[in-house]
Every structure is written in C-alpha cells, then in structure tokens.
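# Structural description and commentary
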Amino acid sequence: FDYNGSALVNETIILDQIPAATLHNGSRLLFLDDGTLLMTTGDIGNSNNAQNMSSLMGKTLRLNADGSIPMDNPDPTSYIYTYGNRNAQGLCKSPNGTIYTSEHGQNHSDEVNIIVPNKNYGWPEVEGPCNTTIEQDYCNSNEVIEPIFAWTNYCIAPNGLEYYDHPAIPE
C-alpha cells in the first residue's frame, strides 16, 4: 500500500501463496537500508519445512519492494535468506546494522539470533544452542548459527523484538 496522508491506497501484492496454519506462522517484516524487505516465516507446525529449501516456511526471506528476488540474495533465484528457523516472531535492526530475530523453541530454548545470510539455524535438529552430542555433531557438519541467547529451561514465547539504545534507561 501507499499512504496518501489519510488512507492506504494502491494495494499491490508482492508475495502471495505463503502457506499458513493455526500455529507457527512467524511473519515479521523489516525494511533494510538498501530497500529490500525481510520477512520471517514459521514452519507452520511441520518441522521438516525448516530444512527443505523448496519450502518458504521456517525461513527468513528477502525480497525487493516490488516482490522480485534481489540479485544479491544467497541464491539469486530464491527468496530464502536464512533457513532452519522454527517460528521467528521478532525482527529488528540495531543502529550498526545488525539484524536480530526472536524465535520460539518447541518446549524450551526460545532464542535471540543474529541473522547471517545463507546460514542454517538448525531447526528441527537443534533447539537452542548446540549443547547435546547429537546437536553438536549436526552443528559442526552443517555450520549452524547458534543463538546469542536462549532461555534453555523454559519457554517464554517471545512474540516481538525491539532494539533499544536510548540513554533514558541505560541498563
């Protein structure tokens, strides 16, 4: 849509037919400084979607504002920017350009991640950090990006994320 000062006008669909479910839809949006749009998608309750590179589910997608695929995406024929995500429901950028997501774990290990293009975040083989023998083997073999923070003993279900750096609350 365009905003004309009082209403939304000129609806344009830029990406359509993204599957949805009653849970794990993800879907946070963030425009980057280069004009591209990041969009998180959940695995819609099918954990196999996250590692399946023919599915847009369980991913961070990057697209141009007109819906086309950016030529400098990891694969210039695909919207997929990151994969192996379960259900990212927070997305923000810091003043230095670092992109963060918050993501739901299954029963524990909700995460905060730094987004790195073309990287695997491990789901469903890894939940939270690579801290079991099986997870460590998978992480080493697949160059998994571990979260910078995880709530490992419980689920807090973070559904948003903001970067705050104002001096009013310096902590």
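A brief structural summary. As the structure is a computational prediction, the values presented were derived from the model and not from experiment.

### Notes on the state of the cysteines
- Applying the stated rule across the entire model yields 1 disulfide.
- What pairs with Cys130 in a disulfide is Cys139, and their sulfur atoms sit 1.8 Å apart. Handedness here is read from the sign of the S-S torsion; for Cys130 and Cys139, about -80°, the answer is left-handed. Each member of the pair, Cys130 as well as Cys139, carries the same accessibility label: buried.
- Cys155 takes part in no disulfide bond, and the closest cysteine sulfur to it belongs to Cys130, at a distance of 19 Å.

### Examining the sheet that holds strand 3 (residues 26-31)
- Here we have 5 strands laid out as an open sheet, ordered 3-4-5-6-10, and mixed in their pairing. With one partner strand each, in any of the chains shown, strand 3 and strand 10 (119-120) form the two edges of the open sheet.
- Pairing between strand 3 and strand 4 (residues 37-41): 4 bridges, direction antiparallel. Bridge pairing links Leu30 to Leu38 in strand 4.

### Here's the deal with the layout of surface pockets
- The calculated volume of the largest pocket comes to roughly 250 Å³.
- Lining the largest pocket we find Phe1, Asp2, Asn10, Thr12, Ile13, Ile14, Leu29, Phe31, Leu37 and Ala65.
- Its residues assigned to classes, the lining of the largest pocket shows 7 nonpolar, 2 polar and 1 charged.

### A short note on the packing of aromatic side chains
- In this structure the tally under the stated criterion is 2 aromatic pairs.
- Geometrically, the ring pair formed by Tyr100 and Tyr163 is stacked, given 6.0 Å between the ring centres and 25° between the ring planes. Linking Tyr100 in strand 8 (residues 99-103) with Tyr163 in the segment after strand 11 (149-151), this pair joins segments that are 63 residues apart in sequence.
- Aromatic pair Phe149 and Trp151: ring centres 4.8 Å apart, planes at 80°, arrangement edge-to-face.
- Under the relative-accessibility criterion, Phe149 is labelled partly exposed at 43%.
- Over the ring of Trp123 we find Arg86; its NZ or CZ atom is 5.2 Å from the centre of that ring.

### A few points about the environment of Asn107
- When you line up the elements, Asn107 lands in the loop between strand 8 and strand 9 (110-114).
- When its relative accessible area of 57% is taken as the criterion, Asn107 is described as exposed.
- Sequence spacing of Asn107 and Ala50 is 57 residues, and the spatial spacing of their C-alpha atoms is 17 Å.
- Once residues lying within four places of it in the same chain are set aside, the contact partners of Asn107 are Glu127, Tyr154 and Cys155.

### Re unusual backbone geometry
- Looking along the chain, the bond that leaves Trp123 and enters Pro124 is cis, with omega of 5°.
- Relative to the helices and strands, Pro124 is located in the loop between strand 10 and helix 1 (133-142).
- A positive phi angle is found at Gln17, which is not glycine, with a value near 65°.
- Relative to the assigned elements, Gln17 resides in the loop between strand 2 (8-9) and strand 3.

### Describing a nonpolar patch on the surface
- Residues Phe1, Tyr3 and Leu8 make up a contiguous nonpolar surface patch of roughly 400 Å² in combined accessible area.
- By secondary structure assignment, the location of Tyr3 is in strand 1 (residues 2-3).

### Here's the deal with the environment of Ile148
- Position of Ile148 among the secondary structure elements: in the loop between helix 1 and strand 11.
- Linking Ile148 and Tyr100, residues 48 residues apart in sequence, is a C-alpha distance of 9.5 Å.
- Dropping the residues within four chain positions of it, Ile148 is found in contact with Tyr100, Val112 and Ile114.

What counts, and where the lines are drawn
- Residues numbered from 1 in each chain as written.
- Predicted model: local features only at pLDDT ≥ 70, side-chain atom pairs only at ≥ 80, totals over all residues.
- Heavy atoms only, no water.
- Disulfide = S-S within 2.5 Å.
- Buried < 20%, exposed > 50% of the residue type's maximum accessible area, 1.4 Å probe, protein only.
- Pairing = 2+ DSSP bridges.
- Helix = DSSP H or I, 4+ residues; strand = E, 2+ residues; numbered from the N terminus.
- 1 Å grid on protein atoms, 1.4 Å probe; cavity = no way out; pocket = protein on both sides within 12 Å on 5 of 7 lines; lining within 4 Å.
- Points joined across faces, edges and corners; volume = space filled by probe spheres on them.
- Nonpolar A, V, L, I, M, F, W, Y, C, P; charged D, E, K, R; others polar.
- Phe/Tyr/Trp six-rings, centres within 6.5 Å; stacked < 30°, edge-to-face > 60°.
- Lys NZ or Arg CZ within 6 Å of the ring centre and 35° of its normal.
- Contact = heavy atoms within 4.5 Å.
- Patch = residues over 30% accessible without salt bridge, like charges linked within 9 Å, V, L, I, M, F, W, Y side chains within 5 Å.
- Areas by Shrake-Rupley, 256 points an atom, 1.4 Å probe, with all protein chains shown as cover.
- Salt bridge = Lys/Arg side-chain N within 4 Å of Asp/Glu carboxyl O.

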